[in-house]
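A look at the structure
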Amino acid sequence: MSVMDKFTSQYVIPVIRETDEEKLYSLAKSLAEGGLNVLEVTLMNDSAFKVIKRLSTDKDLIIGAGTVLNKEMAQKAQDAGAKFLVSPGLNEEAVTFARESEIPFIPGVMSPTEIMKAMNLKCDVIKIFPVNTLGGISYLKNLKGPFPELKVMASGGIGLDDIRDYFDIGTFCLGAGSQLTPKDAIKNEDWKMIRELAKEYIFEVNRLRR
Ligand code: 3PG
């Protein structure tokens, strides 16, 4: 199964943001224990590279890097073992590096012009970010006119109750950050809560597929 097949199969991809290495590691492990095996670890500081390295030895996990802002970060993430790269924006050098290194890269875009730019750079999947601020479902529906085949990872403000609407309009996959991994739960190291939330998200996706 390709990495992108695993994205479609899991559908909701956790976007993890934490600067403390041990907390970041436990957070990722808890999400995986809850069943979310495809994880985007955002590159907030050096802890992220260390955690990607530690987790990528686990064959059951697909660990990628998020917030990849340039080619250097892309290279460092791949060296640490990242299996995919995600960015909030579109950096041509980073996209070209990823293509040459045969690692999937999902750039973040907002406008039709940026979408066209990403398509010209042969990006198969693009991230619409921050989708909630851009108009959510309504914006994605409007994009379907000019870009009917566009594969969208929608991210920004997505929680459990939003999955259904995005799923129904055929969104390729979703990024879930702060609502799936609440700040307080991380602060209090409430890993049980994180595991339970992961299970709820999976339950919702499975329910929609039935
Ligand atoms: C991202 O980088 O995709 C976002 O940080 C995720 O947004 P959220 O925290 O609002 O879910």
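Below is a short write-up of the structure. Because the structure is a prediction, the values reported are computed rather than measured.

1. Considering the site of the ligand
Every residue close to the ligand is listed here: Val-15, Arg-17, Lys-127, Phe-129, Ser-155, Gly-156, Gly-157, Ala-176, Gly-177 and Ser-178. Between the ligand and Lys-127 there is a distance of 2.7 Å, counted from an oxygen atom to a side-chain nitrogen or oxygen. A distance of 2.6 Å separates an oxygen atom of the ligand from a polar atom in the side chain of Ser-155. Isolated, the ligand exposes 310 Å² of accessible area, and the fraction of that covered by the protein chains is 85%. Judged by the fraction of its atoms near the pocket grid, the ligand is located in the largest pocket. Looking at side-chain class alone, the shell around the ligand contains three nonpolar, five polar and two charged residues.

2. Comments concerning the packing of aromatic side chains
The final tally for this structure, using the stated rule, is two aromatic pairs. Ring geometry for Phe-7 versus Phe-84: centroids 4.7 Å apart, planes at 85 degrees, classification edge-to-face. Linking Phe-7 in helix H1 (residues 3-10) with Phe-84 in the loop between helix H4 (71-80) and strand S4 (85-86), this pair joins segments that are 77 residues apart in sequence. One exposure class covers both Phe-7 and Phe-84, and it is buried. Measuring from ring centre to ring centre gives 5.4 Å for Tyr-11 and Phe-167, while their planes differ by 80 degrees; the resulting arrangement is edge-to-face. Taken together, the positions of Tyr-11 in the loop between H1 and strand S1 (12-16) and Phe-167 in helix H9 (residues 163-168) put the pair 156 residues apart, joining distant regions of the chain.

Thresholds applied
Residues numbered from 1 in each chain as written. Predicted model: local features only at pLDDT ≥ 70, side-chain atom pairs only at ≥ 80, totals over all residues. Heavy atoms only, no water. Near = heavy atom within 4 Å. Polar contact = N/O pair within 3.5 Å; in protein donor to acceptor, adjacent residues only side chain to side chain. Areas by Shrake-Rupley, 256 points an atom, 1.4 Å probe, with all protein chains shown as cover. 1 Å grid on protein atoms, 1.4 Å probe; cavity = no way out; pocket = protein on both sides within 12 Å on 5 of 7 lines; lining within 4 Å. Sits in = over half its atoms within 2 Å of the grid points. Nonpolar A, V, L, I, M, F, W, Y, C, P; charged D, E, K, R; others polar. Phe/Tyr/Trp six-rings, centres within 6.5 Å; stacked < 30°, edge-to-face > 60°. Helix = DSSP H or I, 4+ residues; strand = E, 2+ residues; numbered from the N terminus. Buried < 20%, exposed > 50% of the residue type's maximum accessible area, 1.4 Å probe, protein only.

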